[in-house]
Amino acid sequence: MSSSAHAQQGPAARRAAMAELVLAEGSATAAELAERFGVSLMTIHRDLDELERQGIVRKFRGGVTAQPSGVFESNVQYRLKSMRPHKAALAARALKSIEPGMAILLDDSTSTLEIARLLRFGGITPLTVVTNFLEAINLLADRRGIHLMALGGDYDRLHSSFLGVSCVEAVEQLRVDVCFASTSGVDGGFAYHQEQHIVSVKRAMLDAAARNVLLVDHTKLGRVALHRVAPLSRFDLLLVDDGASPEALRDLDEHQVRYEVCATDPREGDDRTGVT
């Protein structure tokens, strides 16, 4: 669409198009957006203020980004599009830890959402799946053989999940076989996340499970965020894709983390493991 056509759009349509562009490209400057949409910088900044208020993007000096930082997690719509092949590889390996008759917990990460996508095929039933992630709930709601337990709480639009005290209390009443979780960063023997209200739910989930499996794509290794979620010793297994650098894997070895490296392309295979 030309800039003149964009300029004729109403504010709501323009903001929706702007959000789609930033979520697709990761970031943009205000000047680029003003040229792209054929409106003034003042109008662009008003639009960006509204998109930031909605939790879709995050402003920085001179522009806007959908990418995460050490303090802010990215919008779920951005995370849904990010690192999909790598997350799918982790999910395929995680599926091997699930057996018929189990009760499992899925957190509100897009990494564990890939597990839900695989469970839709119904190859592992009967199965009880507990989650606070609306995206996973929608995927599994009509699956035969899956007993779905949706955790309630305060709905958070940025994460498309249910959080808060009531969610934590609901988790504390449960005992499941395996919890599958992801975090925003892993470094120095700890898992990290940006937001405290997410951390409290993840910690409750880890406490509610007999075994815990952490799924992290390679971009999260060597990255920290504001809050420590848990030491990596809390996880029975860490799954990472084959984009992980030797330095990042050495850090896991030094902290005696049991991990497996999953091939992004299943046809290529990769049996590298680290168990110390």
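Above this note sits the structure.
Definitions and limits used
- Residues numbered from 1 in each chain as written.
- Predicted model: local features only at pLDDT ≥ 70, side-chain atom pairs only at ≥ 80, totals over all residues.
- Heavy atoms only, no water.
- Helix = DSSP H or I, 4+ residues; strand = E, 2+ residues; numbered from the N terminus.
- Buried < 20%, exposed > 50% of the residue type's maximum accessible area, 1.4 Å probe, protein only.
- Contact = heavy atoms within 4.5 Å.
- Pairing = 2+ DSSP bridges.
- Axes fitted to C-alpha atoms, helices over the stretch in contact; angles between N-to-C directions.
- Parallel < 35°, antiparallel > 145°, perpendicular 65-115°, else oblique.
- Nonpolar A, V, L, I, M, F, W, Y, C, P; charged D, E, K, R; others polar.
- Salt bridge = Lys/Arg side-chain N within 4 Å of Asp/Glu carboxyl O.

Caption draft 1: Spotlight on the overall build of the protein chain. When you go through the protein chain residue by residue, the secondary structure sums to 11 helices and 16 strands. Residues counted as buried form 50% of the 276 residues belonging to the protein chain. Excluding contacts between residues fewer than 6 apart, the proportion of contacts in the protein chain whose partners are at least 24 apart in sequence is 63%.

Caption draft 2: Quick look at the sheet that holds strand E3 (residues 63-65). Spatially, 3 strands are ordered E1-E3-E2 in an open sheet, and the strand pairing comes out antiparallel. Edge positions in the sheet fall to strand E1 (27-29) and strand E2 (58-60), since each has one partner strand and no second. Taking each pair of neighbouring strands and ignoring which way they run, the sheet shows an average axis angle of 20°. Note: E1 against E3, 3 bridges, orientation antiparallel. Within E3, the position partnered with Ser27 by the bridge is Thr65. Taken strand by strand, helix H2 (residues 11-25) contacts E1 and E3, and its axis lies near 120° from that of E1. Each of E1 and E3 is contacted by helix H3 (residues 30-37), which is oriented at about 80° to E1, the strand it contacts most.

Caption draft 3: Expanded view of unusual backbone geometry. For the bond from Thr125 to Pro126, the omega torsion is 0°, close enough to zero to count as cis. As for its placement among the helices and strands, Pro126 is situated in the loop between helix H7 (110-119) and strand E5 (127-131). With a phi angle near 55°, Ser160 is a residue other than glycine that sits in the positive phi range. Residue placement: Ser160 occurs in the loop between strand E7 (154-156) and strand E8 (161-163). Using a relative accessible area of 3% as the deciding quantity, one classes Ser160 as buried. For Gln256, which is not a glycine, the phi torsion comes out positive at approximately 55°.

Caption draft 4: Just the packing of H2 against helix H4 (residues 41-53), in detail. Packing of H2 against H4 brings their axes to within 10 Å, and their N-to-C directions diverge by 70°. The orientation of H2 with respect to H4, classified from their angle, is roughly perpendicular. Residues Arg14, Arg15, Met18 and Ala19 of H2 form the contact with H4, whose participating residues are Thr43, Ile44, Arg46, Asp47, Leu48, Glu50 and Leu51. Split into classes, the residues belonging to the contact of H2 with H4 amount to 5 nonpolar, 1 polar and 5 charged.

Caption draft 5: Quick peek at the pairing of strand E11 (residues 190-193). Taken together, the 3 bridges between strand E10 (residues 185-187) and E11 define a ladder with antiparallel strand orientation. Residue pairing across strands places Val186 opposite Ala191, the latter belonging to E11. In textbook terms, the turn of a hairpin is the stretch between consecutive antiparallel strands, and for E10 and E11 this stretch comprises 2 residues, one of which, Gly188, has a positive phi near 60°. Pairing analysis gives 4 bridges linking E11 to strand E13 (residues 227-231), with the strands arranged antiparallel.

Caption draft 6: How the structure looks around the packing of H3 against H4. At a minimum axis separation of 9 Å, H3 and H4 run at an interaxial angle of 110°. The angle between the axes of H3 and H4 places the two elements in the roughly perpendicular class. Touching Ala30, Ala31, Leu33 and Ala34 of H3 are Leu41, Ile44, His45 and Leu48, all from H4. Partitioning the contact of H3 with H4 into residue classes produces 7 nonpolar, 1 polar and no charged.

Caption draft 7: Focus on the pattern of salt bridges. One pass over the full model with this rule turns up 11 salt bridges. Ionic pairing is found between Lys202 and Asp107, a salt bridge with its closest N-O pair at 2.6 Å. Linking Lys202 in helix H10 (residues 196-207) with Asp107 in the loop between strand E4 (103-106) and H7, this pair joins segments that are 95 residues apart in sequence. Given the relative accessible area of 5%, Lys202 is considered buried. On the basis of relative accessibility, which here comes to 1%, the residue Asp107 falls in the buried class. Connected via shared salt-bridge partners are Arg14, Arg15 and Asp47.

So far we have only geometry, and geometry alone does not tell us how the molecule works.
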